[in-house]
Amino acid sequence: MAYEKKIPVDLDCPLRLTMSLIESKWKSCILDELRTCGSMRPCEIHKRLPEATPRVLDIQLKQMVEDGLVAKTIYPELPPRSEYTITELGRSLLPIIDAMMKWGEEHFDLFVGKFAGGV
């Protein structure tokens, strides 16, 4: 059964539209990995993001293909092989992801105790 969003995207708000495309926990990470590595097979993405379950990554990759952020190429081989690559539309989100990474680096010390169990 395919996942459907319970709340429709608010097309009157550009921020909500953008957030709907990258709001999940792993989509930004997937885009960053594809930027770094180029084309990747699903198993390679799973290895790069081991904290995410393969099912969740597969669902999010499918959504990203549907949204035009990544392209999926299926090679007619036995066994079948597929690869994902970032599209130009996906690349247009990279400055946002870079800004989020920069903010995280700049404010790391404020949150490390909270999220690392006080380490």
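In this report, we go over the structure that sits alongside the text. Since we're looking at a predicted model, the values are computed, not measured.

### Things to note about the overall build of the chain
Tallying secondary structure elements over the chain gives seven helices and two strands in all. Element order for the chain, N to C, with α for helix and β for strand: α-α-α-α-β-β-α-α-α. Counting only C-alpha atoms and orienting by the principal axes, one finds that the chain spans roughly 50 × 40 × 30 Å. Sequence separation of 24 or more characterises 48% of the internal contacts of the chain that already satisfy a separation of 6 or more. As displayed, the chain has an accessible area near 8,400 Å², and 60% of this comes from carbon and sulfur atoms. Mean positive and mean negative side-chain charge positions of the chain (16 and 18 charges, respectively) differ by 4 Å.

### Observations regarding unusual backbone geometry
Keep in mind that most residues, glycine aside, have a negative phi and that most peptide bonds are trans. Across the junction of Leu-78 and Pro-79, the peptide omega takes the value -5°, indicating a cis bond. Tracing the chain through its elements places Pro-79 in the loop between β1 (70–75) and β2 (81–86).

### A word on the pairing of β2
Residues in a regular strand project their side chains so that they alternate between the two faces of the sheet. By the bridge criterion, six bridges tie β1 to β2 in an arrangement that is antiparallel. Residue pairing for β2: Thr-73 is matched across the bridge by Glu-83. Taking the residues between adjacent antiparallel strands as the criterion, β1 and β2 are bridged by five residues.

### A closer look at a nonpolar patch on the surface
The grouping of Trp-103, Leu-110, Phe-111 and Phe-115 at the surface amounts to a nonpolar patch, some 490 Å² of accessible area in total. Sort the elements by how many residues they give to the nonpolar patch and helix α7 (residues 108–115) lands first, with three residues. Looking at the secondary structure, you find Leu-110 in helix α7. In this structure Leu-110 comes out as exposed when scored by relative accessible area, which is 63%.

### Here we look at the packing of helix α2 (residues 27–37) against helix α4 (residues 54–67)
The interhelical angle for the contact between α2 and α4, taken along N-to-C directions, is 75°, at an axis separation of 10 Å. As far as their axial angle goes, α4 and α2 are roughly perpendicular. Contacts between α2 and α4 pair Lys-27, Ile-30 and Leu-31 from the former with Leu-57, Gln-60, Leu-61, Gln-63, Met-64 and Asp-67 from the latter. Taken together, the residues that form the contact of α2 with α4 break down as five nonpolar, two polar and two charged.

### Things to note about the packing of α2 against helix α6 (residues 94–106)
Running from amino to carboxyl end, α2 crosses α6 at an angle of 110°, the nearest separation of the two axes being 10 Å. Here α2 lies roughly perpendicular to α6, going by the angle between them. Contacts between α2 and α6 involve Ser-28, Leu-31, Asp-32 and Arg-35 on the former and, on the latter, Leu-94, Ile-97, Asp-98, Met-100 and Met-101. In the contact of α2 with α6, the residues fall into five nonpolar, one polar and three charged.

Here is what the cut-offs are and how they apply
The written sequence of each chain sets the order in which its residues are numbered from 1. Whole-chain, interface and lining totals are the exception, using all residues; otherwise, since this is a predicted model, local features are given only for residues with pLDDT of at least 70 and side-chain atom pairs are given and counted only at 80 or more. Hydrogens and waters are ignored; side-chain quantities use all the structure's heavy atoms. By definition, any uninterrupted DSSP run of H or I lasting at least four residues is a helix, any uninterrupted run of E lasting at least two residues is a strand, and each is numbered from the N terminus. Two residues qualify as a contact provided that any one of their heavy atoms is within 4.5 Å of a heavy atom in the partner residue. For the area figures, the Shrake-Rupley method with a 1.4 Å probe applies, and any residue is considered shielded solely by the protein chains shown. Think of it this way: Lys and Arg go in the positive column, Asp and Glu in the negative one, and His and the chain ends go nowhere. By convention, charge coordinates are those of NZ in Lys, CZ in Arg, CG in Asp, or CD in Glu. At least two DSSP bridges between two strands are needed for those strands to be called paired. Think of a patch as exposed residues, more than 30% relative accessible area, with no salt bridge, where like charges cluster within 9 Å and nonpolar side chains (Val, Leu, Ile, Met, Phe, Trp, Tyr) cluster within 5 Å. Each reported salt bridge corresponds to a side-chain nitrogen of Lys or Arg within 4 Å of a carboxyl oxygen of Asp or Glu. Accessible area is worked out with a 1.4 Å probe on protein chains only. A residue is then buried under 20% of its type maximum, exposed over 50%, and partly exposed in between. For helices, the fitted line uses only the C-alpha atoms of the stretch in contact; every axis is such a line through C-alpha atoms, and the angle between N-to-C directions lies from 0 to 180 degrees. Our angle categories are set so that under 35 degrees counts as roughly parallel, over 145 as roughly antiparallel, 65 to 115 as roughly perpendicular, and the remainder as oblique. Basically, the charged four are Asp, Glu, Lys and Arg, the nonpolar ten are Ala, Val, Leu, Ile, Met, Phe, Trp, Tyr, Cys and Pro, and anything else, Gly included, counts as polar.

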